[in-house]
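Letter by letter, the chains look like this.
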Amino acid sequence: MSLETTKGSLSTSFQDTIATVQFGHPASNSFPRELLNKLTLEINSLSRNDAVSLIVLKSEGEKAFCSGASFDELLQVENEEQGTEFFSGFAHLLNAMRSCSKLIIGRVQGKAVGGGVGIIAACDYVFATPQSDIKLSELAIGIGPFVIEPAVSRKIGKTAMTAMTLAAHEWKSADWAFQKGLYSVLVDSENLDKEVENFAQKLSSYNPEALHEMKKIIWENTENWESLLFERAAITGKLVLSDFSRNALMQFKK
């Protein structure tokens with residue numbers, strides 16, 4: 001299936017029992033709300049698909065994996081309700097990835113910012129390239145990585161998450177992310193697809209029931225995310241209305 005709109009693209013392809021989901025957007029694979037919702041629905045649909053044993057999540061292009069939320073849509077937020085609703089999109093996606101009955105392999109070909117880092121953290125196993133630097137820039141635009149923090153901290157620890165968050169203008173290298181545990185494997189760009197394919201084929205050959213049980217164990221003790229992430233979305237939805245955020249977003253857009 002395939003979705004093509006002016007607000008991005010989403011497509012899913014199948015090879016044996018492996019589903020590969022690809023998202024894209026002209027603005028460095030950022031996420032307008034419509035695209036975020038479509039990806040969430042697709043993850044939920046694949047979770048219920050008995051013919052699928054494994055999901056590979058990837059994005060278009062060669063440079064950016066994901067630049068997070070759409071700045072254009074953030075500037076259109078007029079009240080706290082709209083702000084909370086927008087950031088709840090990431091809460092829904094992270095919860096869908098967390099509760100998905102299938103293991104999710106991330107294919108990260110380039111840089112990730114903000115919500116993109118959260119999506120990577122919600123994958124169960126991640127292949128990345130040496131070009132896959134990361135940054136949590138939210139404080140620089142007057143908000144914070146509140147919704148994605150539980151996912152990021154779960155992967156790299158509270159100390160590393162804090163270091164990223166407070167150094168909001170600083171890129172952390174792909175090797176740093178690998179050393180902290182965000183990335184499972186670092187591989188050269190030319191070998192990325194081959195490595196992902198080989199690993200996915202091998203993993204999908206294992207007992208589906210064992211994979212499902214392993215998924216549940218991996219995500220033990222995260223049930224509170226069903227409420228926590230939406231509480232965090234409300235915090236962000238309020239902060240994005242501040243004069244600081246408005247001015248910062250305009251500067252970033254320029």
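The protein is annotated in an unreviewed UniProt entry as Enoyl-CoA hydratase of Flavobacterium oncorhynchi. Per UniProt, the comment on the protein under Sequence similarities (unreviewed entry) is "Belongs to the enoyl-CoA hydratase/isomerase family."

Visitor: With reference to specific residues and values, describe the pattern of salt bridges.
Guide: Applying the stated criterion across every chain yields a total of seven salt bridges. Across the pair E170 and K172 runs a salt bridge whose closest N-O atoms are separated by 2.9 Å. For E170, a relative accessible area of 38% corresponds to the partly exposed category. Under the relative-accessibility criterion, K172 is labelled buried at 13%. The salt bridge involving K216 is made with E213; its shortest N-O contact spans 3.1 Å. Taken together, the positions of K216 and E213, both in helix 9 (residues 208–218) and three residues apart, correspond to about one turn of that helix. Exposure remark for E213: the relative accessible area of 41% places this residue in the partly exposed category. Taken together, the shared-partner salt bridges in this structure form one network comprising E149, K158 and R232.

Visitor: Got a sec to walk through the sheet that holds strand 7 (residues 111–113)? Specific residues and values, please.
Guide: A sheet is described by the order of its strands in space; here three strands give the open sequence 5-7-9, paired in parallel fashion. In this open sheet, the two edge strands, each paired with only one partner strand, are strand 5 (64–66) and strand 9 (134–135). In this sheet, strand 9 lies alongside strand 7 in parallel orientation, the contact comprising two bridges. Bridging across to strand 9, V113 finds its partner in K135.

Visitor: Outline the packing of helix 5 (residues 149–156) against helix 10 (residues 225–239), supporting the account with residue identities and numerical values.
Guide: Relative to each other, helix 5 and helix 10 sit at 120°, their axes nearing to 10 Å. Contacts from E149, P150, A151 and R154 of helix 5 reach helix 10 at W225, L228, L229 and R232. Looking at the contact of helix 5 with helix 10 residue by residue, the classes come out as five nonpolar, no polar and three charged.

Visitor: Quick one: what's the story with the nonpolar core, residue by residue and with numbers?
Guide: If you look at the biggest cluster of nonpolar residues, it comprises 63 residues, and the most contacted ones within it are F31, L39, L57, I119, I134, L182 and Y183. With eight residues, the top contributor of residues to this core is helix 3 (residues 80–99). Dropping the residues within four chain positions of it, L182 is found in contact with V117, I120, A121, V126, I134, K155, I156 and A177. V56, V187, L203 and L211 belong to the second-largest nonpolar core, a separate cluster that totals 12 residues.

Visitor: An account of the environment of L166 is needed here, citing residue identities and associated values.
Guide: Looking at the secondary structure, you find L166 in helix 6 (residues 158–166). Owing to a relative accessible area of 63%, L166 belongs among the exposed residues under this scheme. Each C-alpha atom of the pair L166 and E190 lies 34 Å from the other, and the pair is 24 residues apart in sequence.

Visitor: Help me get a handle on the pairing of strand 2 (residues 8–15), residues and values and all.
Guide: With seven bridges joining them, strand 2 and strand 3 (residues 18–24) adopt antiparallel strand pairing. What sits directly across from S9, in strand 3, is G24. The antiparallel pairing of strand 2 with strand 3 creates a hairpin that spans two residues between the two strands, and D16 there sits at a positive phi of about 55°.

Visitor: Describe helix 10, with residues and values.
Guide: For helix 10, with 15 residues, the first-to-last C-alpha span of 21 Å sits near the 21 Å given by 1.5 Å per residue. When helix 10 is considered as a whole, its buried residues turn out to be W225, L228, L229, R232, A233, T236 and G237. The inward-facing, buried residues of helix 10 contact helix 3 and helix 5.

Visitor: Give a detailed account of the packing of aromatic side chains, specifying residues and quantitative values.
Guide: Summed over the entire model, instances satisfying the criterion amount to eight aromatic pairs. Note on Y125 and F127: the rings are 5.5 Å apart at their centroids and 55° apart in plane angle, and the pair reads as tilted. Its relative accessible area of 27% is what places Y125 among the partly exposed residues. Seen from their ring centres, W219 and W225 are 5.6 Å apart, and the 80° between their planes marks the pair as edge-to-face. Overall, the relative accessible area of 5% leaves W225 in the buried class. Taken together, the ring pairs connect F23, F31, F65 and F90 into an aromatic cluster. Positioned over the ring face of W219 is R154, at 3.6 Å from the centre of the ring.

About the thresholds
Residues numbered from 1 in each chain as written. Predicted model: local features only at pLDDT ≥ 70, side-chain atom pairs only at ≥ 80, totals over all residues. Heavy atoms only, no water. UniProt positions renumbered as here; feature names shortened; annotations may be inferred. Salt bridge = Lys/Arg side-chain N within 4 Å of Asp/Glu carboxyl O. Buried < 20%, exposed > 50% of the residue type's maximum accessible area, 1.4 Å probe, protein only. Helix = DSSP H or I, 4+ residues; strand = E, 2+ residues; numbered from the N terminus. Pairing = 2+ DSSP bridges. Axes fitted to C-alpha atoms, helices over the stretch in contact; angles between N-to-C directions. Contact = heavy atoms within 4.5 Å. Nonpolar A, V, L, I, M, F, W, Y, C, P; charged D, E, K, R; others polar. Core = buried A, V, L, I, M, F, W, Y, C linked by side-chain atoms within 4.5 Å. Expected span 1.5 Å × (residues − 1). Phe/Tyr/Trp six-rings, centres within 6.5 Å; stacked < 30°, edge-to-face > 60°. Lys NZ or Arg CZ within 6 Å of the ring centre and 35° of its normal.

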